[in-house]
Amino acid sequence: MKIVDWETLNAVELPKWLVGLTSKDNVRRFNAHRKLADYLGRHASALGTGDFNYNRVLSTDAPVLIMPIFVEMLKDATVIEPLIVVEFIEEMSGYWKEPQLGQAQRQRAEKILALIQQEFDLWVTMLDHPNPDVRVQIIEIFSNFPEKNKIIAPLLLNHLKKYQANDDIEALTLLGALYSNIQSERHSNSSLRQDFLHILNQWIEQATYPTIVLANTACYLIMLEENAVSKNAVDTLVNILMYADFTDPMADLHLASFWVDALLSLGTDQATQKLLAIFDAQADENAIIEVSAMLLELHFGDGDVHAIYINALDEYGKKAFPNGIHIRVERNSQLSNSPRQNPTDLQRKILKHFVQKEQLWNIKTNLFQIYHLPASRASLEKLIL
């Protein structure tokens, strides 16, 4: 670090923070971590704010120069918190994916990725790290090595077999990484794909894993099996969503994700029947409104279920319905604001389920106004007569 002119790189504080990261003093180490997290974009990434200026951090060679230092820290057995270091490396391994990078910044991002890839053997070793949080970060680092998919996929599959979902987050990260890898490489007839499907089917049959792991397992099975979709996987997913607590932040059981994509991969008609079954069974208010919004978007809107936001803020940054559930749909063009008339048979069927759901009418929401439907139960019932 001493031979680098950090001042010309506008990074005079970096050496102090890097040294602080290895300190045995908890306060000093915490402060160094915080400063580096702000500098490298880790805080913004973790919070999902999307407002970090990647062009600024990559405006000099400073982040390129600190990558080998981070690697040496991981190789040093005396480093107190390797998780912090590997989190920074994971963050930087994804710089190259930022779409707004300038030419010079993109070149630096690619240099950083190359430096990380050079340590491939280290990452393979750390896949067996005793801390599951470290292992999760290593899996995330591997996901940023697209050209090494054919090498990484067997490693991850073996890891999945070995650890058998001892940690929820690790299992979810592994499942996602393997699914993306297999899809991108189109392993349609490979033993790798078949091995992955075999493990997924085992997990569904055993049904011993946490709810969120089983739900994701079912989704991947549905989307991978294509023409031979497992009825067991579909039933598992639907049953989970029927009774899921949609307010549980750990479970993150929101349909506006790849879970609804899994249902839609069965076809809109089948997906609609499954969503109606989930709607009828659900007792959670958030789930009732969310599934209702999915059904309305599919059959009264543009069909973009990912454009739906629940409990959205108004233009003043406040909840529009402090004591209710507010819906916002981001679409390129507005729906016709003319009142709904002469609904189709399927639309009538959906609305009939709504009319019959007593709990739905105890929830304050703007859901029906968005799709230009009557907001009262009696008026909606008249529409379907």
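Look up a bit, the structure's there.
Residues numbered from 1 in each chain as written. Predicted model: local features only at pLDDT ≥ 70, side-chain atom pairs only at ≥ 80, totals over all residues. Heavy atoms only, no water.

Caption draft 1: Spatial organisation of the side chain of T272. Counting through the fold element by element, T272 comes out in helix α16 (residues 268-281). You can call T272 buried: its relative accessible area is 1%. A polar atom in the side chain of T272 sits 2.7 Å from the backbone oxygen of T268. In this structure, T272 is in contact with L295, H299, L346 and I350, ignoring residues within four places of it in sequence. (Helix = DSSP H or I, 4+ residues; strand = E, 2+ residues; numbered from the N terminus. Buried < 20%, exposed > 50% of the residue type's maximum accessible area, 1.4 Å probe, protein only. Polar contact = N/O pair within 3.5 Å; in protein donor to acceptor, adjacent residues only side chain to side chain. Contact = heavy atoms within 4.5 Å.)

Caption draft 2: Inspection of the side chain of R29 at higher detail. With respect to the helices and strands, the residue R29 is situated in helix α2 (residues 26-40). In this structure R29 comes out as buried when scored by relative accessible area, which is 7%. A polar atom in the side chain of R29 sits 2.7 Å from the side chain of N26. For R29, the contacting residues outside a window of four places in its chain are G20, L21, S23, K24, I80 and E81.

Caption draft 3: Up close: the packing of aromatic side chains. Following the criterion strictly, the structure yields nine aromatic pairs and no others. Aromatic pair F120 and F142: ring centres 5.5 Å apart, planes at 50°, arrangement tilted. Of this pair, F120 sits in helix α8 (residues 120-126) while F142 sits in helix α9 (residues 132-142), and the two are 22 residues apart along the sequence. We classify F120 as buried; its relative accessible area is 13%. Geometrically, the ring pair formed by F279 and F354 is tilted, given 5.1 Å between the ring centres and 55° between the ring planes. In this pair, F279 is assigned in helix α16 and F354 in helix α18 (residues 345-356), connecting sequence segments 75 residues apart. Each member of the pair, F279 together with F354, is buried. Following the ring pairs from residue to residue traces out a cluster consisting of F279, F354, W361 and F368. (Phe/Tyr/Trp six-rings, centres within 6.5 Å; stacked < 30°, edge-to-face > 60°.)

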